[in-house]
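The primary structure of each chain is shown beneath.
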Amino acid sequence: MHRQGVDMRRRRFLATAGTAGIAATAGCGALRTERTLSDPTRHSDGQGRASIHFNEDGSEVGHFGVDGAVADGVVPMTTEIWHREGTTVESVSARVWMPEADTPADVAVVSPVEGDSSPPPEVRLYTPDRAAGTTIELSDLDDLADETISTLEFIVRPWSESATTVAFDVTMELAGGGVLGTDYTLDGELRLEYPTLAA
């Protein structure tokens with residue numbers, strides 16, 4: 001009888017400890033914070049080259065930049081996706097469109113998007129249901145997630161003879177490290193002018 005009582009108390013203790021562990025784990029998730037930054041600052045480094053920068057309390061969290069130039073009626077472009085140390089990139093989405101054009105431009109990715117040793121991330125191109133242009137999405141970034149991403153290159157081919165503006169509606173999802181980390185959603189629009197498209 002004595003041993004049976006000890007076993008019963010032990011089972012009750014283990015059950016209670018298991019419940020406490022579940023509660024503690026759930027509480028840890030609640031300690032993380034989520035923030036959306038949607039009022040970026042635009043920086044321009046010259047014709048066809050600009051970036052949008054997202055800041056919090058005077059410190060930069062991330063930026064998205066594009067460098068492009070007109071060549072034979074198309075616009076080859078390179079991008080730079082930077083994020084604060086201690087964060088990782090969960091995904092990047094950029095809708096590429098020409099606001100002045102009645103006919104959407106063609107958009108094609110022309111360079112491999114990959115890290116040094118990991119498989120390439122998932123890259124999707126699609127036409128949004130209720131918006132103009134083409135959306136480029138990057139996810140499953142593996143070892144690119146904690147780096148500055150500068151390997152995404154693409155070409156924009158306009159079908160309008162008068163449109164000169166290329167716009168990017170950008171969303172970057174960043175994850176902060178640690179139990180007390182902050183996850184960020186960075187939303188912004190970047191527009192660049194290429195007057196020679198109409199020449």
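Above this note sits the structure.
What comes next concerns the included structure. Given the structure is predicted, the values throughout are model-derived calculations rather than measurements. (Residues numbered from 1 in each chain as written. Predicted model: local features only at pLDDT ≥ 70, side-chain atom pairs only at ≥ 80, totals over all residues. Heavy atoms only, no water.)

Take the pattern of salt bridges next. Under the definition given, this model contains six salt bridges. Salt-bridge contacts for Arg95 lead to Asp169; the nearest nitrogen and oxygen are separated by 2.4 Å. With Arg95 in strand E6 (residues 87–97) and Asp169 in strand E11 (residues 165–176), this pair connects stretches of sequence that are 74 residues apart. The class for Arg95 is buried, based on a relative accessible area of 16%. Glu137 is the partner of Arg124 in a salt bridge, and the nearest nitrogen-oxygen pair spans 3.1 Å. Of this pair, Arg124 sits in strand E8 (residues 122–126) while Glu137 is found in strand E9 (residues 134–139), placing the two residues 13 residues apart along the sequence. Judged by its relative accessible area of 39%, Arg124 falls in the partly exposed class. (Salt bridge = Lys/Arg side-chain N within 4 Å of Asp/Glu carboxyl O. Helix = DSSP H or I, 4+ residues; strand = E, 2+ residues; numbered from the N terminus. Buried < 20%, exposed > 50% of the residue type's maximum accessible area, 1.4 Å probe, protein only.)

Right, let's get into the nonpolar core. Core analysis: the biggest nonpolar cluster contains 39 residues, and Phe64, Met77, Phe154, Val156 and Phe168 have the highest contact counts within it. Counting residues per element, the ones that place at least two in this core are strand E3 (49–56), strand E4 (59–68), strand E5 (75–83), E6, E9, strand E10 (153–157), E11 and strand E12 (182–193). With five residues, E11 is the largest single contributor of residues to this core. The contacts of Val156, once residues within four sequence positions are left out, are Val74, Val75, Met77, Val96, Met98, Ala105, Asp106 and Val107. (Core = buried A, V, L, I, M, F, W, Y, C linked by side-chain atoms within 4.5 Å. Contact = heavy atoms within 4.5 Å.)

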